[in-house]
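Residues per chain, in single letters:
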Amino acid sequence: MTCTPVPTVIMSKMHAVLIKDGQGPIENLYIGETDKPVPTKGQVLVKIVAFGINSMDHYQRQGASYILGVEFSGRGVTRWAVGDEVFGLVGGGAYAEFVNCDEGLLLKKPGHLSWVEAASIPENYITAYQALVKYGEVKKGDHVLVHAGASGVGIAAIQMARALGATTVTATASTTAKLDWLRSIPNGATHTVNYKTEDFAAEGVDVVIDFVGQSHWAKNVESLAIDGRMTILATLSGSEVPAVNLGPILYKRLRIQGSTLRSRSLQYQTELISSLNFRDIIDKVTGANGGGPMRTYIHKVSTFFCSSHPVRHGRTTPQVYPWAEIQSAHHEMADNKNSGKIVVEVQ
Ligand SMILES: NC(=O)c1ccc[n+]([C@@H]2O[C@H](COP(=O)([O-])OP(=O)(O)OC[C@H]3O[C@@H](n4cnc5c(N)ncnc54)[C@H](OP(=O)(O)O)[C@@H]3O)[C@@H](O)[C@H]2O)c1
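### Details of the overall build of the protein chain
Helix and strand content of the protein chain: eleven helices and 17 strands. Against the 2.2 N^0.38 benchmark of 20 Å for 347 residues, the protein chain shows a C-alpha radius of gyration of 21 Å, consistent with a compact globule. Its C-alpha atoms put the protein chain at 85 × 45 × 40 Å along the principal axes. Across the 347 residues in the protein chain, those meeting the buried criterion constitute 44%. Within the protein chain, residue pairs in contact and separated by at least 24 positions form 63% of the contacts whose partners lie at least 6 positions apart.

Printed below as a string of structure tokens:
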């Protein structure tokens, strides 16, 4: 009798940002070794160059037992043509050397975008498009109010509204520096309000993009014009409003719409991303100095982190976090310090 050896399946390994104990505070993030994903039918394996950091990652880190990260740029290594430069959206797993991405959620990276710029775009621009165009039905001549103006999604929404012909775009944020910057960028805010010290309510706004919820609810409703639309993307100040006056919603014929992205079906997300309307918008996004009507702004690493990490000197993209500093990147986001998108490079 001869014995046939059982073939051993050796799973390839990769590095990724993992979470000690599966979940927890920022200090639990570390780079470790894990299984490299294996693409299934309809998926593309992508070698990641850079990934974007999102507010959602912060919450997921505290309750997740998987690899964080919902957007990236990199090279396709299966399907498409091997080596194609791509960027896209995933349900998770982008804080890694490799990720599987559904073909429909992948976009070809245009030559005018760097890897870092490309990684900063998917979540912000798809979310802003959905909120402002699909649900908000923004049109030429509209007056628009965008809260959390200096957030990644906020900046995308401000520029998109201007590019689509809004007459005014009022943005709110918490600091003078953020507000000054929002007015200074091309197609930036026409008006700004510090929501901590000023009253943003001004009647006659056609579209409100809200991330704040509870503390802004009454003023948002007050601000909306007849037939106004509000898209709610988050409830950063809380989700319960003690008293709601339905009167203005009725007599102003307001439409109030909640919007989520990652919980939507693959088919929905694929159709959204492949729609001609969206493609037309995304094709117009350039880097900060690229001259486009909409630009992606990468949050600069603060001086504190630069001086404490001299290794960064001499890097080609000095404003971006190397992934060894993933904890610093999460701290910057948790402290609401960013003006623009926080992007991390995989090295
Ligand atoms: N529903 C969806 O489809 C969807 C998709 C993507 C993101 N989101 C949500 O959209 C929000 C923005 O995401 P992002 O990644 O662009 O965020 P981000 O760049 O990290 O910026 C978030 C900003 O929100 C502002 N903020 C925080 N708490 C606030 C409060 N209580 N009141 C008013 N403003 C507050 C802060 O700016 P200030 O200093 O100006 O206060 C903060 O910098 C997040 O809440 C995220 O979860 C929703």
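### Looking at the domain arrangement of the protein chain
When cut into domains, the protein chain gives domain 1 (14-120 + 298-345) and domain 2 (124-258). The centre of domain 1, based on its C-alpha atoms, is set 28 Å off from the matching centre of domain 2. Across the contact, five residues belong to domain 1 and seven residues belong to domain 2. Here the side of domain 1 that touches domain 2 is built from residues that sort into one nonpolar, three polar and one charged.

### Section: the site of the ligand
Around the ligand sit 26 residues in total, of which Ser151, Gly152, Ala173, Ser174 and Ala234 are the nearest. Among the secondary structure elements, those contributing two or more residues to the shell around the ligand are helix 1 (55-61), helix 3 (122-135) and helix 4 (152-163). Looking at which domains feed residues into the shell around the ligand, each of domain 1 (14-120 + 298-345) and domain 2 (124-258) supplies at least three.

### Some words on the sheet that holds strand 10 (residues 191-194)
Remark on secondary structure: sheet strands pair via backbone hydrogen bonds, oriented parallel or antiparallel. Strand order in the open sheet made by the six strands is 10-9-8-11-12-13, with parallel pairing throughout. Only two strands of the sheet have a single partner each, and these edge strands are strand 10 and strand 13 (255-258). With strand direction ignored, the average angle separating the axes of adjacent strands in the sheet is 15°. Relative to strand 10, strand 9 (residues 168-173) is paired through four bridges, and the arrangement is parallel.

### Quick look at the confidence of the model for the protein chain
When the pLDDT values of the protein chain are averaged, the result is 89; 90% of them are 70 or greater. The model gives residues 1-9 a pLDDT under 50, and that stretch makes zero contacts with residues more than four places away or in other chains. Taken as a whole, residues 303-318 scores under 50 in pLDDT and shows eight contacts with residues more than four places along the chain or in a different chain.

### Description of the pairing of strand 3 (residues 43-52)
In terms of residue burial, strand 3 counts as a mostly covered element, since seven of its ten residues are buried. Where strand 3 and strand 6 (residues 98-102) come together, five bridges link them in antiparallel fashion. Across the sheet, the residue bridging to Lys47 is Phe98, located in strand 6. For strand 3 and strand 4 (residues 71-76), the ladder comprises five bridges, and the chain directions are antiparallel.

### Concerning the environment of Phe51
Residue placement: Phe51 occurs in strand 3. Phe51 sits in the buried class, given 33 other C-beta atoms within 10 Å. Phe51 sits 124 residues away from Thr175 along the chain, and the two C-alpha atoms are 27 Å apart. Ignoring anything within four residues of it in the chain, the contact list for Phe51 reads Gly69, Glu71, Phe72, Ala94, Tyr95, Ala119, Val344 and Val346.

### Focus on the nonpolar core
Ile48, Ala50, Leu132, Ala157 and Val344 are the most contacted members of the largest nonpolar core, which totals 91 residues. Element by element, the count of residues in this core is highest for helix 3, at eight residues. Lining this core are residues from two domains, each supplying at least three of them: domain 1 (14-120 + 298-345) and domain 2 (124-258). With residues near it in sequence (within four places) discarded, Ile48 still touches Phe72, Gly74, Ala94, Ala96, Glu97, Phe98, Val99 and Val346.

Criteria and cut-off values
Residues numbered from 1 in each chain as written. Predicted model: local features only at pLDDT ≥ 70, side-chain atom pairs only at ≥ 80, totals over all residues. Helix = DSSP H or I, 4+ residues; strand = E, 2+ residues; numbered from the N terminus. Rg over C-alpha atoms; globule rule 2.2 N^0.38 Å. Buried ≥ 20, exposed ≤ 12 C-beta atoms within 10 Å, placed from the backbone. Contact = placed C-beta atoms within 7 Å. Domains from an automatic or database assignment. Nonpolar A, V, L, I, M, F, W, Y, C, P; charged D, E, K, R; others polar. Near = placed C-beta within 6 Å. Pairing = 2+ DSSP bridges. Axes fitted to C-alpha atoms, helices over the stretch in contact; angles between N-to-C directions. pLDDT = per-residue confidence, 0-100. Core = buried A, V, L, I, M, F, W, Y, C linked by C-beta atoms within 7 Å.

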